[in-house]
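# Structural characterization, general
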Amino acid sequence: MIKVYSMPTCPDCEWVEKQIEGKSGYEIIDIGSHVRKLKEFLRLRDNNPAFDSARKAGAAGIPCFVLEDGRVTLIPEEAGLHSRPAGDGQEGASCSIDGSGC
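Structural notes, computed from the coordinates. (Residues numbered from 1 in each chain as written. Predicted model: local features only at pLDDT ≥ 70, side-chain atom pairs only at ≥ 80, totals over all residues. Heavy atoms only, no water.)

### Some words on the layout of surface pockets
Note the cut-off: With a 1 Å grid spanning the protein atoms alone, the term cavity applies to any set of points in which a 1.4 Å probe fits but cannot get out, the term pocket to an open set with protein on both sides within 12 Å along at least five of seven lines, and the term lining residue to any residue with an atom within 4 Å of a point. Grid points are joined across faces, edges and corners, and a volume is the space filled by probe spheres set on the points. Numbering goes from the N terminus for both helices and strands, where a helix is a DSSP run of H or I of at least four residues and a strand is a run of E of at least two. Under the convention adopted here, Pro, Cys and the residues Ala, Val, Leu, Ile, Met, Phe, Trp and Tyr are nonpolar, Asp, Glu, Lys and Arg are charged, and Gly plus all remaining residues are polar.
Its boundaries defined by the atoms lining it, the largest pocket holds a volume of some 230 Å³. For the largest pocket, the lining is made up of 15 residues, of which Asp12, Ile62, Pro63, Leu74 and Pro76 are closest to its centre. Per element, the largest residue contribution to the lining of the largest pocket is three residues, and it comes from helix H1 (residues 11-20). Of the residues that constitute the lining of the largest pocket, the class distribution is ten nonpolar, two polar and three charged.

### Quick look at the packing of aromatic side chains
Our working definition: The rule is short: rings of Phe, Tyr and Trp, with Trp giving its six-membered ring, pair when the centres are within 6.5 Å, and they are stacked under 30 degrees, edge-to-face over 60, tilted in between. Buried residues are those whose accessible area, probed at 1.4 Å on protein chains only, stays under 20% of the maximum for their type, while exposed residues exceed 50% and partly exposed ones sit between those limits.
The full count for this structure, using the stated rule, is two aromatic pairs. An angle of 40° between the planes, with centres 5.8 Å apart, marks the rings of Tyr5 and Phe41 as tilted. Of this pair, Tyr5 sits in strand E1 (residues 2-6) while Phe41 is found in helix H2 (residues 35-47), placing the two residues 36 residues apart along the sequence. In this structure, Tyr5 and Phe41 share a single accessibility class: buried. Among the aromatic residues, those joined into a cluster by ring pairs are Tyr5, Phe41 and Phe51.

In structure tokens, the structure reads:
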């Protein structure tokens, strides 16, 4: 089971969640639904080197994927999914402080 840390208000997360609909093998964890889930994500984000560039860029680091072997990645393709294409009509929609992405 691949864990996907996500929030419904994140355009990149929404793109990933649409790909997961109806598929087994993925567990979506909405980090905004309960503080316990947010804390779980923050522990991961604060301690895993996969988030180094996201933290440096001021990005939230979602969607985040914990693969079945325990590896953590922010790259949808490594979880068998596709990244949101540039120019998909959601310009300006982002989770980063600087508006560059999630």
